[in-house]
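Observations on the three-dimensional arrangement
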Amino acid sequence: MSGPRLVLTINCGSSSLKFTIINPETGEERLKGQADALGSSSAALSWQHDEKEGTQKLSPGDDYEGVIGALVKRFDGPWSALREQLRAIGHRVVHGGEQFADSTLINDSVVSAIRACCELAPLHNPAALQGIQASLLAFPELPQVAVFDTAFHQSLPDYAYLYALPYSLYRDHQLRRYGMHGSSHRYIGERSAEILKTPTDKINVISAHLGNGASLCAIKNGKSVDTSMGLTPLEGLVMGSRCGDLDPGLLLHLGEALDYSLAELEQLLNRNSGLLGISELSNDCRELEEAMGKGHAGASLALKLFCYRLAKYIAAYTVPLKRVDSLVFTGGIGENSSWVRRETIGWLSQLGYQLDNKRNEDIRFGSEGQISKDGTPDILVIPTREDWVIARDTIRLANRAL
Ligand code: ADP
């Protein structure tokens, strides 16, 4: 295909904006960068382009609009050659509610629908919305696409997505499980199918995305049939600083007996729990592994709890799948921590899982491959490529809009 064909992807987090320029056909990243610590005096833009790194200070007043303004200036100057090759822009949006089972071209009604989903994801969607609005103003001539973290999980059956609460809460307020990390799990399903030379619509995969946020997905015949995150990204696995599953009665107890306010609960569950809460040291797996090596009891306990919960979930997901073609580890922890993979698989011998220790130790830093013993159920490590999924969806929809 001639003409511009690169995609700019934009991912607005609560205080950061990550961006890439990708060739959607090959997955090659031509530019990658992020704006960090937005709203603080250390706010800065950093990037890698043509194997060179650069940084630029941002002003503490710069919001997403300010960052996109800084990007536009660079596109008018040093990155103008890339700018000329841009075909479309893809935005990651965490929550698409029940409206979006696929990515979509952005227009006024899509912006309104994303705004309506802010109520379901108050910590995430407002940032994406600001990024989208700034980018629509800055690049009015380019088609723009929203890619939802929840979309891949819209295939969950009702008995998997409903909470056992009064049905009216679902009917009247859309309170149900939605799941997140959809682009990552979808990529893992598709890539597993390629590696195992199975058609995508026939593959059954358990995908473990383990980063600062962590979630598990059961993929049956290429479609998500269960996932561990719920209405919000708090449910399920133990995460860096989020607690995952809890007895909901504990929340009542914290409110009634210990006088926690809603704001304090939000802080406790999202920011002070998980690996950080148990270890009393760090939310970072690599730091905890180092501390465990030096005998830190809290670090060791936190990592064990993380792996035990993960193993229980993996075993549970054999229920909807029956036949599992591959168990896949991905995300910063899944791709790099041979310790977490070994500890987790250690709980799963009753399912036939066995690690090849050398393969497990050798795989890290972006490599892909099998880590199970030959002749035992497949366990793979696959580096996730959420940005590539966003870029592929974006070009597909942008071309359809012609
Ligand atoms: P995010 O969810 O923010 O995208 P990542 O997928 O980048 O997070 O994962 C971050 C996690 O990966 C951190 O806990 C980090 O310590 C862990 N990690 C990265 N490299 C390693 C490593 N070599 N060994 C163990 N953990 C690692």
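Residues numbered from 1 in each chain as written. Predicted model: local features only at pLDDT ≥ 70, side-chain atom pairs only at ≥ 80, totals over all residues. Heavy atoms only, no water.

The next thing to look at is the site of the ligand. Residues in contact with the ligand, as listed here, are Gly211, Asn212, Gly213, Asp284, Cys285, Arg286, Glu289, Gly331, Gly332, Ile333, Asn336 and Ser337. Contact distances for the ligand include 3.0 Å between an oxygen atom and a backbone N or O atom of Cys285. In this structure, Gly332 approaches the ligand through a main-chain N or O atom, which is 2.9 Å from an oxygen atom. Protein coverage of the free-state accessible area of the ligand, which is 580 Å², stands at 74%. Considered class by class, the residues forming the shell around the ligand number two nonpolar, seven polar and three charged. (Near = heavy atom within 4 Å. Polar contact = N/O pair within 3.5 Å; in protein donor to acceptor, adjacent residues only side chain to side chain. Areas by Shrake-Rupley, 256 points an atom, 1.4 Å probe, with all protein chains shown as cover. Nonpolar A, V, L, I, M, F, W, Y, C, P; charged D, E, K, R; others polar.)

Residues Ile278, Leu301 and Leu305 make up a contiguous nonpolar surface patch of roughly 230 Å² in combined accessible area. Turning to its location among the elements, Leu301 is positioned in helix 12 (residues 297-316). (Patch = residues over 30% accessible without salt bridge, like charges linked within 9 Å, V, L, I, M, F, W, Y side chains within 5 Å. Salt bridge = Lys/Arg side-chain N within 4 Å of Asp/Glu carboxyl O. Helix = DSSP H or I, 4+ residues; strand = E, 2+ residues; numbered from the N terminus.)

Turning our attention to the pairing of strand 1 (residues 6-12). Burial analysis of strand 1 places seven of its seven residues in the buried class, which makes it a mostly covered element. Residues of strand 1 alternate between two faces, with Leu6, Leu8, Ile10 and Cys12 on one and Val7, Thr9 and Asn11 on the opposite face, all of them buried. As judged from the five bridges shared by strand 1 and strand 6 (residues 86-93), these two strands associate in the parallel manner. Each residue of the ladder has a partner; that of Leu6, found in strand 6, is Leu86. Turn length for the strand 1-strand 2 (residues 17-22) hairpin, with the two strands adjacent in sequence and antiparallel, is four residues. (Buried < 20%, exposed > 50% of the residue type's maximum accessible area, 1.4 Å probe, protein only. Pairing = 2+ DSSP bridges.)

Within the open sheet, the eight strands sit side by side as 5-4-3-2-1-6-8-7. Their pairing is mixed. Unpaired on one side and paired on the other, strand 5 (52-57) and strand 7 (104-105) mark the two borders of the sheet. Strands strand 1, strand 6 and strand 8 (144-148) of the sheet are contacted by helix 4 (residues 125-138), whose axis makes an angle of about 160° with strand 6. (Contact = heavy atoms within 4.5 Å. Axes fitted to C-alpha atoms, helices over the stretch in contact; angles between N-to-C directions.)

Let us look at the packing of aromatic side chains. Under the counting rule described, the total for this entry stands at ten aromatic pairs. Here Phe75 and Trp79 contribute two aromatic rings whose centre-to-centre distance is 5.6 Å and whose plane-to-plane angle is 65°, an arrangement assigned as edge-to-face. Here the two residues Phe75 and Trp79 agree in accessibility, since each one is buried. Ring centres 5.7 Å apart and planes at 50° place the aromatic pair Tyr161 and Tyr170 in the tilted group. Counting every residue linked through ring pairs, the aromatic cluster contains Phe19, Trp47, Phe75, Trp79 and Phe139. A cation sits over an aromatic face here: Arg176 above Tyr161, 3.7 Å from the ring centre. Its end group placed over the ring of Tyr178, Arg176 keeps NZ or CZ at 4.6 Å from the ring centre. (Phe/Tyr/Trp six-rings, centres within 6.5 Å; stacked < 30°, edge-to-face > 60°. Lys NZ or Arg CZ within 6 Å of the ring centre and 35° of its normal.)

All right, on to the nonpolar core then. Leu210, Leu216 and Phe329 are the most contacted members of the largest nonpolar core, which has 43 residues in total. Counting only elements with at least two residues in this core, the list comes to strand 9 (205-210), strand 10 (214-220), helix 11 (285-293), helix 12, strand 12 (326-330), helix 15 (338-346) and strand 14 (379-381). The element contributing the most residues to this core is helix 12, with nine residues. Each residue touching Leu210, except ones within four places of it in the same chain, is listed here: Leu237, Phe306, Leu310, Phe329, Thr330, Gly331, Gly332, Ile333, Gly334 and Val340. Among the nonpolar cores identified, the runner-up in size contains 28 residues, and Leu31, Ala43, Leu58 and Trp79 belong to it. (Core = buried A, V, L, I, M, F, W, Y, C linked by side-chain atoms within 4.5 Å.)

So, on to the pairing of strand 3 (residues 29-36). Relative to strand 3, strand 2 is paired through six bridges, and the arrangement is antiparallel. Counterpart to Lys18 in the pairing with strand 3 is Gln34. The hairpin turn running from strand 2 into strand 3, its antiparallel successor, is six residues long, and Gly27 in that turn takes a positive phi close to 85°. One ladder, built from six bridges, connects strand 3 with strand 4 (residues 44-49); its direction is antiparallel. Counted as the bridge partner of Gln34 is Ser46 from strand 4.

On to the environment of Leu129, then. Secondary-structure assignment places Leu129 in helix 4. Assessed through its relative accessible area of 7%, Leu129 is described here as buried. Separated by 61 residues in the primary sequence, Leu129 and Glu190 have C-alpha atoms spaced 29 Å apart. Each residue touching Leu129, except ones within four places of it in the same chain, is listed here: Val111, Ile114, Arg115 and Cys118.

Further remarks concern the layout of surface pockets. Considering only enclosed or pocket space, the second largest pocket measures out at about 1,300 Å³ in volume. Listing elements by their share of the lining of the second largest pocket, those giving two or more residues are helix 8 (248-256) and helix 9 (262-271). Looking at the lining of the second largest pocket element by element, the count peaks at five residues for helix 9. Looking at the lining of the second largest pocket, its residues break down into 21 nonpolar, eight polar and five charged. (1 Å grid on protein atoms, 1.4 Å probe; cavity = no way out; pocket = protein on both sides within 12 Å on 5 of 7 lines; lining within 4 Å. Points joined across faces, edges and corners; volume = space filled by probe spheres on them.)

The next subject is the sheet that holds strand 12. Ordered in space as 11-10-9-12-14-13, the six strands form an open sheet in which the pairing is mixed. With partners counted over all chains shown, the strands left at the sheet margins are strand 11 (223-227) and strand 13 (369-370), one partner each. Lying on the sheet, helix 7 (residues 182-195) is in contact with strand 9, strand 10, strand 11, strand 12 and strand 14; it crosses strand 9 at an angle near 130°. The strands touched by helix 12 are strand 9, strand 10 and strand 12; relative to strand 9, the strand with the most contacts, the crossing angle is about 160°.

Okay, the UniProt feature "binding site: Mg(2+)" (unreviewed entry) in the chain next. Sequence positions flagged by UniProt for "binding site: Mg(2+)" (unreviewed entry) are, in local numbering, Asn11 and Glu386. For this annotated set, covering 376 residues, all C-alpha atoms fall within 10.3 Å of each other, a compact arrangement in space. Mapped onto the fold, Asn11 is located in strand 1. For Asn11, a relative accessible area of 17% translates into the label buried. Ignoring sequence-local partners within four residues, the contact set of Asn11 consists of Ser16, Leu17, Lys18 and Arg92. Along the chain, Glu386 turns up in helix 17 (residues 386-400). Given the relative accessible area of 21%, Glu386 is considered partly exposed. Excluding residues within four positions of it along the chain, Glu386 makes contact with His181, Ser183, Ser184 and His209. (UniProt positions renumbered as here; feature names shortened; annotations may be inferred.)

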